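So the chains spell out like this:
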Amino acid sequence: MSLTLAILLAGQTAAAAAAPAAAQDDAAPAPVTAGGSEDARPAAPAPGGGDILVTARRRAESVQRVPIAMSVVGGADIDKTGAFNVNRLQQQQPSLQFFSSNPRNSAINIRGLGAPFGLTNDGIEQGVGFYVDGVYIGRIGASTFDFVDVDRVEVLRGPQGTLYGKNTTAGALNVTTRPPSFTPEGRAEVSLGNYDFVQAKASVSGPLSDTVALRLSSSATTRKGTIRDVTSGEDLHRQRNLGVRGQLLWNASPSLNFTFSGDFNVQNPECCVQYYARVGTTQRPIARQYDALAAALNYTPPSKDPFDRRTDLDAAINSRQEVGGASLVANWDLGPATLTSVSAWRYWDWQPQNDRDFTGLPITTVSQNPSQQKQVSQEFRFASNGTNRLDYTVGAFLFHQTIDTQGSQVQGSAASRFLLSGTDASNPNVLNGLTSTNTISFDNTSFAVFGKLNWALTDALHIQPGLRVNYDRKSGFYESVVSIANSQYNFTATADNVATLLAAQPTTAARTTFQNQINTLAPQRYSPRFSAWNTSGDITVSYDFASEIHGYATYARSFKSGGINLSGLPLNSNSTGVDLTTQTVKPEKVNNYEIGLKTQFLDRRLTLNLAGFWTDVSDYQATVNNNAINVIRGYLANAGKVRSRGVEFDSSFRPSKRLSVYVSGAFTDAKYVDFKNAPCPPELSGGTATAPGGVTDPAGTPGGRSPAFCDISGQRLPGISKWSFSYGGEYNVPVDGAGGEVYIGYDGNYRSRFSSNPSPSAYTWIEGYSLSNVRAGYRKNDFNVFGWVRNAFDQNYFELLSTQSGNTGLIVGQPGDPRTYGLTVSKRF
């Protein structure tokens, strides 16, 4: 990240950029420098009724003076709006996108960049960093958990990396929890709602001695599922989350302090299911398309209206995960500068079950990849104290990560019909019981040194250059063993014996059948390696036009580390080995240009911030596939170039203590500039034409078809709405003379249509939608009670759409939550 943020949410929050400005926030401790020196404590907020102060450059300053596009959402805003995880937080942040078909298949994108859409691969990194109390989290699945005792969430947009931590190319999401307090305090909150929703949060903090303070926090959420499985009678997509966290602060001396933190989180949601959304037409023969295949097997989905929220799975599903870890932060104030050390260890344990064919048919009866991650990180920073003509930060960061994954996939009795053609399709035994057992391991080491200067040429003009030198080394192992045992076939195929088994088949028909079996799950073994040095940097020029008008311009040259493919590779032309040329992907090279203006008027009651950006990414890490008709094996490759450009604004207005409103928005134009070897959209799959390429425009008109790849240069990146807005406000009325008030609040958001497929398809556009959340209640001093309704107008919308394996034309979807309502009571002690 490019900022070390310590934020004061003081008084009645007017608004941070893009954060709901509508309410009073909890008072947070005044920020101090890393060593805790008093000279960094900020002055009281201005009479306008609110300010947000940061110690980004080791001195207290308004967030309005920090030359970066960023948003801050305080803990009180998170509590009252129900944005208790990243998925809900994105509704308040127009430039933030979060996608999750299950926790392992999750991605955080900012401005359309961050991670390839629709692909999980252990061998790559995120372009958006996810941090908790300054510790980089190596598995993005951890972001699906509920926030525990959060003080604030900061969203930084654009490349980060010249001040500290892991390098990220698209931005960072930084979660900061409430610190231990030497003043005894407690908080408790309980929420009840429909779908048997129950959420309880509690925290206590206080001194153990004159120099030691402790904070203990917990959060638990349960809710019945919103999707009915007519086969089992269970409600799926439930919520079962538990998180606990402890922090111990020791002020060893006036200039030295230590904070030890530990947390444990477990989630058992019985998700994630996608089901029938619509059917499209592919280039395959009519008999090989979904409607004909379903009819041949006498199959009808329980409903063809996806918002009936009904499915008929024939395999178990779950997405149980466990996350935990510990960290130690030490700050030593040496006078002119402060030395900071951040040491951390974390783990992630993923235990899934999936019905990968998304239907009640036994096509793929088992598909799961249990995975365990461990990481250790060490960071040192040395930063100047106070305010000087030349301020500096230098540091080093070391990160080591290991991942072990044990995959398995089993085909059922309907697999032959759905995945094969010819005589093999009519013989269930060809694929029935075909099993792939995968062993995957990954070892990742990253080291960096970095530095940032802040040179004040005058009181108004600042130049801030930064530099980072980074080394990455990745190594992995992938092995898939394929076996089958039924009344007709019995073999075990490894990477070493495929050619022998193929040659042993007695007839041409038998060889074809064996090759169809092998192509379906592809036995293989390989050990990819990647290592590289990278140098990146940025420079910002900022100018204070007036006391409350600040402009800046930034250029950043950044990169995202190269990666290795650990989800299997496409077979070679003889189907007896893998194409080893696709083992690795090159680093992304990023050029980012940004200008911004931060303004406040009317005694800081009116805030308006603007930012314009243009980001070019070369060697973009994208999803491709082997284009086999019977099975799609996704892997990574480098697209030529993508571009993301746009304009963002954040505004808030508090005309009085009774009323506050906010509006934030983003226009994002994110496209593939050069991607000639992209996977074809489903409407072009199965084609036999030899046209040089094919594309599908947003209206869905095929522009050509190809049996291999499609040229989608000029097409929109997936998951990105051109227009996105969040808006809302709150109005309160005093009801007694002792500080009590009743209030009503509204929070809304809108997203225009976006593509839910790596290559734009006529069948996977998600139409634009808007969501409205309302709340009304009573608060007095430290007590608050309010009723709430989320998705008040019961908007039907999809979070994502996907194609079924084998490209039969079936499109499956994951719907967003329906209308929910409930009551929340909270008390501070």
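How each quantity is defined
Residues numbered from 1 in each chain as written. Predicted model: local features only at pLDDT ≥ 70, side-chain atom pairs only at ≥ 80, totals over all residues. Heavy atoms only, no water. Helix = DSSP H or I, 4+ residues; strand = E, 2+ residues; numbered from the N terminus. Pairing = 2+ DSSP bridges. Axes fitted to C-alpha atoms, helices over the stretch in contact; angles between N-to-C directions. Expected span 1.5 Å × (residues − 1). Buried < 20%, exposed > 50% of the residue type's maximum accessible area, 1.4 Å probe, protein only. Contact = heavy atoms within 4.5 Å. Salt bridge = Lys/Arg side-chain N within 4 Å of Asp/Glu carboxyl O. Disulfide = S-S within 2.5 Å. Patch = residues over 30% accessible without salt bridge, like charges linked within 9 Å, V, L, I, M, F, W, Y side chains within 5 Å. Areas by Shrake-Rupley, 256 points an atom, 1.4 Å probe, with all protein chains shown as cover. Core = buried A, V, L, I, M, F, W, Y, C linked by side-chain atoms within 4.5 Å. Phe/Tyr/Trp six-rings, centres within 6.5 Å; stacked < 30°, edge-to-face > 60°. Lys NZ or Arg CZ within 6 Å of the ring centre and 35° of its normal. Polar contact = N/O pair within 3.5 Å; in protein donor to acceptor, adjacent residues only side chain to side chain.

1. What about the environment of Cys272?
Considering the arrangement of structural elements, one finds Cys272 in the loop between strand 17 (256-267) and strand 18 (275-279). Cys272 sits 81 residues away from Gln353 along the chain, and the two C-alpha atoms are 8.9 Å apart.

2. Thoughts on unusual backbone geometry
In this structure, the amide linkage connecting Cys271 to the following residue, Cys272, adopts the cis form with an omega of 10°. Unusually for a residue other than glycine, Asp133 sits at a positive phi of about 50°. Its location among the elements puts Asp133 in the loop between strand 7 (128-132) and strand 8 (135-136). Here the phi dihedral of Phe358 falls at roughly 65°; this positive angle occurs in a residue that is not glycine. Within the element layout of this structure, Phe358 appears in the loop between strand 21 (337-353) and strand 22 (364-368).

3. Notes on the sheet that holds strand 43 (residues 798-803)
Strand order in the open sheet made by the three strands is 18-44-43, with antiparallel pairing throughout. Edge positions in the sheet fall to strand 18 and strand 43, since each has one partner strand and no second. Going from strand to strand, the sheet's axes swing by 35° on average, the running direction of each strand aside. Of the pairings in the sheet, the one linking strand 18 to strand 44 (residues 810-815) comprises four bridges and is antiparallel in character.

4. Section: helix 6 (residues 508-521)
An ideal rise of 1.5 Å per residue puts 20 Å on 14 residues; helix 6 measures up with 21 Å between its terminal C-alpha atoms. Residues Ala510, Thr513, Phe514, Asn516, Gln517, Ile518, Thr520 and Leu521 constitute the buried set of helix 6. Turning to helix 6, the residues buried within the fold contact strand 24 (390-411), helix 4 (415-419), strand 25 (435-456), strand 26 (461-485), strand 27 (490-493) and helix 5 (498-503). Just downstream of helix 6, Ala522 is the residue with a positive phi angle, here 55°.

5. Focus on the pattern of salt bridges
Within this structure, the stated rule accounts for 45 salt bridges. Ionic pairing is found between Arg525 and Glu479, a salt bridge with its closest N-O pair at 3.1 Å. A residue pair is termed long-range when its members are at least 10 positions apart, and Arg525 in strand 28 (residues 524-526) and Glu479 in strand 26 qualify at 46 residues. Look at Arg525 and you get partly exposed, because its relative accessible area is 33%. Note on Glu479: relative accessible area 21%, which makes it partly exposed. Here the residues in one salt-bridge network are Arg658, Glu730, Glu741, Asp747, Arg775 and Arg779, joined through shared partners.

6. Side note on the state of the cysteines
Going through the model one piece at a time under the given rule, you end up with two disulfides. Bridging Cys271 to Cys272, the disulfide has an S-S length of 2.1 Å. Exposure class is identical for Cys271 and Cys272. Each is buried. Each disulfide pairs two cysteine sulfurs, and for Cys680 the partner residue is Cys710, the sulfurs being separated by 2.1 Å. Across the disulfide from Cys680 to Cys710, rotation about the S-S bond amounts to roughly 100°, and the bridge is consequently right-handed. Taken together, the residues span a long stretch of sequence, with Cys680 in the loop between strand 36 (659-674) and strand 37 (723-734) and Cys710 in the loop between strand 36 and strand 37 at a distance of 30 residues. Pair check on accessibility: Cys680 and Cys710 agree, each one buried.

7. Considering a nonpolar patch on the surface
Among the surface-exposed residues, Leu659, Val661, Tyr731, Val733, Val735, Val742 and Ile744 lie close enough to one another that they form a single nonpolar patch of about 530 Å² accessible area. Mapping Val735 onto the fold places it in the loop between strand 37 and strand 38 (741-751).

8. Some points on the nonpolar core
As a rule of thumb, nonpolar side chains are buried together in soluble globular proteins. Grouped together as the largest cluster of nonpolar side chains are 48 residues, with contacts concentrated most on Ile108, Phe130, Val153, Leu173, Tyr620, Phe675 and Leu717. Tyr620 has contacts with Leu113, Ala115, Glu588, Ala637, Asn638, Ala639, Val642, Tyr672 and Leu717, leaving out every residue within four places of it along the chain. Phe358, Ala415, Val482 and Phe491 belong to the second largest nonpolar core, which has 28 residues in total.

9. Focus on the packing of aromatic side chains
For the structure shown, the criterion picks out 24 aromatic pairs. Look at Phe397 and Phe399: their rings are 6.4 Å apart centre to centre, the planes differ by 10°, and that puts the pair in the stacked class. Like Phe399, Phe397 is buried. For the ring pair Trp723 and Phe725, a centre distance of 6.2 Å and an interplane angle of 5° mean the geometry is stacked. Ring pairing ties together the aromatic residues Tyr131, Tyr136, Phe397 and Phe399, which thus form one cluster. Above the face of the Tyr136 ring, Lys166 is positioned so that its terminal group lies 6.0 Å from the ring centre. The ring of Phe754 has Arg751 sitting right over it, with the charged end atom 4.2 Å from the ring centre.

10. Side note on the environment of Asp146
As for its position among the elements, Asp146 is in the loop between strand 8 and strand 9 (150-157). Between the C-alpha atoms of Asp146 and Asn87, which are 59 residues apart in sequence, the distance is 9.8 Å. With sequence-adjacent residues up to four places away left out, Asp146 is seen in contact with Phe84, Asn85, Gln199, Ser219, Thr221 and Asn241. At 2.6 Å, the side chain of Asp146 and the side chain of Thr221 are in polar contact. There is a polar contact of 3.0 Å between the side chain of Asp146 and the side chain of Asn241.

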